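For reference, the chains in residue letters:
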Amino acid sequence: MFTGKVDIKVVSADLTAFTEGEEDEEKKYEIQNLNTYVDLEIDNHEIGTSATLEKTDRPEWEESFSSQSTNVIQAIEFTIYNDFGLDKEDVQIAECYFSVKELRAKGKDTEIIKFTQEMIPKGSIKLEVTFFPKENKRKPLKRKAAVHEKVYLHQGHRYAAVFFSQPVFCAFCKNFIWGLFGKQGLTCQNCEMSVHKNHYNLGIT
């Protein structure tokens, strides 16, 4: 049994099994339609979601997540989804599941465990996991794991959904980004350029 902190780095994935093969093969994708992100759960609780990487069957996320709990941690699950955009539901394409006991057996506590895991039904994911057991001398504080917002990458921009408290115009179509509730549009975290949700990938540089 394990209690303590777990650091997880989602390095990359090999999804060429989804783009290669016969044309009529089930679950075959064209590379231009493969826009993937990883969802991470520990004991059925969401820990975070990576950015969406577009048009590649070899995504390199290089994103890190961390979770700490005073309760026993039993299992970690990774799921890769294909992002079809704002108007269509995302589709799960691959997953893998580990018991914490199985993962800890691959290395030593406090040391980075690096490995590549085959996924179901196909593909593989490259991961780095580090376990920090709870110290018996003192009771650690329970920290709520940060949940990453969904991010859209396009031509060097890193877009995230935002709520606008004042009038904002779309950098692509020049029209007003309207809406009274929720997050009305997307803003680049690098240059602060704002666009409608369905305009982020339409050639803006």
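One can find the structure itself at the top, above this paragraph.
Residues numbered from 1 in each chain as written. Predicted model: local features only at pLDDT ≥ 70, side-chain atom pairs only at ≥ 80, totals over all residues. Heavy atoms only, no water.

Trainee: Just to check I follow, could you spell out the pairing of strand β1 (residues 2–14) for this structure?
Mentor: Residues in a regular strand point their side chains to alternate faces of the sheet. Sheet analysis places β1 next to strand β4 (residues 63–73), joined by eight bridges and oriented antiparallel. Within the sheet, the bridge partner assigned to F2 lies in β4 and is I73. One ladder, built from ten bridges, connects β1 with strand β8 (residues 124–133); its direction is antiparallel. In the sheet register, V6 faces β8, and the bridge partner there is F131. (Pairing = 2+ DSSP bridges. Helix = DSSP H or I, 4+ residues; strand = E, 2+ residues; numbered from the N terminus.)

Trainee: I keep staring at the pairing of strand β10 (residues 157–162) and nothing clicks. Help me out?
Mentor: Where strand β9 (residues 151–154) lies against β10, four bridges are found, and the strand directions are antiparallel. Looking across to β10, one finds that H154 is bridged to H157. Here β10 runs beside strand β11 (residues 185–188); their pairing, made up of four bridges, is antiparallel. Paired with A160 across the two strands is T187, which belongs to β11.

Trainee: Got a minute to help me understand the pattern of salt bridges in this structure?
Mentor: Two side chains of opposite charge can pair, provided their charged atoms sit close to one another. Evaluated as defined, the whole model comprises four salt bridges. A salt bridge links K5 to D7; its shortest N-O distance comes to 3.8 Å. K9 is the salt-bridge partner of E62, the closest N and O atoms lying 3.0 Å from each other. With a gap of 53 residues between them, E62 in the loop between β3 (45–49) and β4 and K9 in strand β1 connect regions that are remote in the sequence. For E62, a relative accessible area of 43% puts it in the partly exposed group. Accessibility expressed as a relative area gives 24% for K9, which makes it partly exposed. (Salt bridge = Lys/Arg side-chain N within 4 Å of Asp/Glu carboxyl O. Buried < 20%, exposed > 50% of the residue type's maximum accessible area, 1.4 Å probe, protein only.)

Trainee: What is the right way to read the sheet that holds strand β5 (residues 75–82) from this model?
Mentor: The pairing of strands in a sheet comes from backbone hydrogen bonds and takes either a parallel or an antiparallel form. The sheet built from four strands is open, its strands ordered β3-β2-β5-β6 with antiparallel pairing. Edge positions in the sheet fall to β3 and β6 (91–99), since each of these pairs with one other strand and no more. Adjacent strand axes in the sheet meet at a mean angle of 20° when their direction is disregarded. Sheet topology note: the strand β2 (residues 36–42)/β5 ladder contains seven bridges and is antiparallel. What sits directly across from E41, in β5, is E77. (Axes fitted to C-alpha atoms, helices over the stretch in contact; angles between N-to-C directions.)

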